Amino acid sequence: MPASDKPKIYLSSPHMSGKERDYVTEAFDSNWIAPLGPHVDAFEKELAAFVDVEAAAAVSSGTAALHLALRLLGVTKGDQVFCSTLTFVASANPILYQGAEPVFLDSEPGTWNLSPSALERALQDAKRSGRLPKAVIVVNLYGQSARMDEIVALCRSYGVPLVEDAAESLGSEYRGKASGTFGTFGIYSFNGNKIITTSGGGMLVSNDAEAMGKARFLATQARDPAPHYQHSETGYNYRMSNVLAGIGRAQLEVLPERVNARRAVFERYRRELASVPGIRFMPELEGTRSNRWLTALTLEEEAEGTVQDLLGMMAEENIEARPVWKPLHLQPVFRGARYYTHTEKENVAERLFERGICLPSGSNMSEPDQTRVIECVLRTLARGRAGVR
Ligand SMILES: *Cc1c(COP(=O)(O)O)cnc(C)c1O
């Protein structure tokens, strides 16, 4: 059937609660159509309380929040910054903005996230060469927390600050503590495809209230305290608009529901695809609770089809599915960057890239739409099997 006959199923589409409009109307009625304003202040306080940190700064994107984190840690030209390789390009672009050099670290199989073993070897090498990284950026892929105990301990023992890219893991927990709160800084994204959205936006969080004051200063053009406009360092125009913060406040109120809905989508996929040979779902590390932002899985050798087959069939059915992120050490823009594999023999991220796929996972996905995705997977991978409709 031609694709156009069926309505499109998106990978992860915005899901409004209805209350966003009230907050936005409030912004209009009070004429707070500006960057900053009461919604921004309230959104920051509410998010800080939700994840239990001292301070939060609302900014124009998750990328901007990461850039500020690196600036605050003093990352500059010639410095090294370690970063997970299996992630979206935005995790590492701010390293280049600062003229620093990324060093990429492999994933490990239990979380698909940063391998403590790769991190340890990279830190040992860096120490030996007398050049420790200025920061380590750890990513929580598709909502799953990395092995924070091991990673935090390693960073502490080498005295290297940790930045947690929790753009995809807002609402997730690691041993009862909110994802995004394990590093010196954490960042969240409210891009349109994330678990909650402001249409575009981000948040920087930290328990270092003084640094967060500096973050706000840098994000508003670094204006010195003078009645005239005076500037002693380079700033940015990174603050969030008061209108968009209104959307964010309403979205934050329903975040726990959104997490439950995405987890329910995952559970249904897992249940109904359990019998398909060769499907292995992204694991959930014991003691963690993933928001299951995207349901991700790999197709192992015994699968009766490849990721390419499945992506092709999904496209035909007007279903948006995606391969797992292309590892950053393979991206042309980072050509030449160093890369540490999980072990001497195991390159986990490249394998996940070759075999991984993300299924539509929106919290507003209808049951019939979930059925369409499931049937498409069954048709591709369980051809000729009994019980396949
Ligand atoms: C979305 C995303 C970002 C960037 O967030 P924006 O708000 O789009 O700038 C950073 N890191 C990861 C892992 C992401 O998925």
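About the criteria used
Residues numbered from 1 in each chain as written. Predicted model: local features only at pLDDT ≥ 70, side-chain atom pairs only at ≥ 80, totals over all residues. Heavy atoms only, no water. UniProt positions renumbered as here; feature names shortened; annotations may be inferred. Near = heavy atom within 4 Å. Polar contact = N/O pair within 3.5 Å; in protein donor to acceptor, adjacent residues only side chain to side chain. Areas by Shrake-Rupley, 256 points an atom, 1.4 Å probe, with all protein chains shown as cover. Nonpolar A, V, L, I, M, F, W, Y, C, P; charged D, E, K, R; others polar. Helix = DSSP H or I, 4+ residues; strand = E, 2+ residues; numbered from the N terminus. Buried < 20%, exposed > 50% of the residue type's maximum accessible area, 1.4 Å probe, protein only. Contact = heavy atoms within 4.5 Å. Pairing = 2+ DSSP bridges. Axes fitted to C-alpha atoms, helices over the stretch in contact; angles between N-to-C directions. Salt bridge = Lys/Arg side-chain N within 4 Å of Asp/Glu carboxyl O. Domains from an automatic or database assignment. Buried area = accessible area lost by both parts, 1.4 Å probe. Phe/Tyr/Trp six-rings, centres within 6.5 Å; stacked < 30°, edge-to-face > 60°. Right-handed = clockwise from strand over helix to strand, strands pointing away.

Per an unreviewed UniProt entry, the protein chain goes by the name Aminotransferase class I/II-fold pyridoxal phosphate-dependent enzyme and belongs to Paenibacillus aurantius. As stated in UniProt under Cofactor (unreviewed entry), the record for the protein chain gives "pyridoxal 5'-phosphate". A UniProt comment under Sequence similarities (unreviewed entry) is attached to the protein chain, and it reads "Belongs to the DegT/DnrJ/EryC1 family."

Enquirer: Tell me about the site of the ligand, residues and numbers included.
Expert: Close contacts around the ligand come from 15 residues, with Gly62, Thr63, Glu168, Ser189 and Lys194 the closest. Between the ligand and the protein, one listed contact pairs an oxygen atom with a backbone N or O atom of glycine 62 at 2.8 Å. For the ligand, an oxygen atom lies 2.6 Å from a polar atom in the side chain of glutamate 168. Contact with the protein chains hides 93% of the accessible area of the ligand, taken as 380 Å² for the molecule alone. Per-class residue counts for the shell around the ligand are four nonpolar, eight polar and three charged.

Enquirer: Quick one: what's the story with the UniProt feature "active site" (unreviewed entry) in the protein chain, residue by residue and with numbers?
Expert: According to UniProt, the "active site" (unreviewed entry) feature falls on Lys194. As for its placement among the helices and strands, lysine 194 is situated in the loop between β8 (185-189) and β9 (202-206). Looking at lysine 194, the relative accessible area reads 9%, which means it is buried.

Enquirer: Mind laying out unusual backbone geometry, listing which residues take part and the relevant values?
Expert: A positive phi is found at aspartate 52, a non-glycine position, where the angle reads about 65 degrees. Structurally, aspartate 52 can be placed in the loop between α2 (38-51) and β1 (55-59). Overall, the relative accessible area of 65% leaves aspartate 52 in the exposed class. We note that tyrosine 142 has phi near 50 degrees; this positive angle belongs to a residue other than glycine.

Enquirer: Please set out the UniProt feature "modified residue: N6-(pyridoxal phosphate)lysine" (unreviewed entry) in the protein chain residue by residue, giving values where relevant.
Expert: Here the UniProt-annotated "modified residue: N6-(pyridoxal phosphate)lysine" (unreviewed entry) positions come out as Lys194. What lysine 194 contacts, discounting residues up to four positions off in sequence, is Ala167, Glu168, Ser189, Arg262 and Trp293.

Enquirer: Can you lay out the sheet that holds strand β3 (residues 101-105) for me, pointing to particular residues and giving the numbers?
Expert: Pairing is mixed across the open sheet formed by eight strands, whose spatial order is β1-β9-β8-β5-β4-β2-β3-β14. The open sheet has two free edges, formed respectively by β1 and β14 (338-340), since each of these has just one partner strand. The average angle at which neighbouring strand axes cross in this sheet is 20 degrees, direction not considered. Pairing analysis gives three bridges linking β3 to β14, with the strands arranged parallel.

Enquirer: Describe the pattern of salt bridges, naming the residues involved and giving the relevant values.
Expert: With the rule as written, the count across this model stands at 21 salt bridges. Ionic pairing is found between glutamate 320 and arginine 322, a salt bridge with its closest N-O pair at 2.8 Å. Linked through salt bridges whose partners overlap, the residues forming this network are Arg280, Glu300, Glu301, Arg351 and Arg355.

Enquirer: Account for the domain arrangement of the protein chain, with residues named and values stated.
Expert: Under the domain assignment used here, the protein chain contains domain 1 (3-12 + 256-385) and domain 2 (20-254). The distance between the C-alpha centroids of domain 1 and domain 2 comes to 26 Å. The partner domain 2 presents 52 residues to the 45 residues of domain 1 that form the contact. Summed over both partners, the interface of domain 1 with domain 2 comes to about 4100 Å²; 61% of that surface belongs to carbon and sulfur atoms. Of all residues in domain 1, the largest losses of buried area upon contact with domain 2 belong to Trp293, Trp325 and Tyr340, amounting jointly to 20% of the total for that side. Our enumeration of links across domain 1 and domain 2 arrives at zero salt bridges. Of all the secondary structure elements, the ones that give two or more residues to the side of domain 1 that touches domain 2 are α9 (255-272), β11 (288-289), β12 (295-299), β14 and α11 (348-355).

Enquirer: Outline the packing of aromatic side chains, listing residues and values.
Expert: To describe a pair of aromatic rings, you give the distance between the ring centres and the angle between the ring planes. This structure, assessed with the given rule, holds eight aromatic pairs. Where tyrosine 236 meets tyrosine 238, the ring centres are 4.8 Å apart and the plane angle is 10 degrees; that geometry is what we call stacked.

Enquirer: I'd like to hear about the pairing of strand β5 (residues 162-165), residue by residue, with values.
Expert: What you see with β5 is no split at all: Leu162 and Glu164 on one side and Val163 and Asp165 on the other are buried throughout. Sheet topology note: the strand β4 (residues 135-139)/β5 ladder contains four bridges and is parallel. Bridging from a neighbouring strand, valine 138 pairs with glutamate 164 of β5. Considered for its hand, the β-α-β crossover made up of β4, helix α6 (residues 148-158) and β5 is right-handed.

Enquirer: Lay out the sheet that holds β11 with the relevant residues and their values.
Expert: Within the open sheet, the three strands sit side by side as β7-β6-β11. Their pairing is antiparallel. Bordering the open sheet on either side are β7 (177-178) and β11, each of which pairs with just one other strand. Relative to β7, strand β6 (residues 173-174) runs antiparallel, the two being bridged by two bridges. The residue bridging tyrosine 174 from the neighbouring strand is lysine 177, located in β7.

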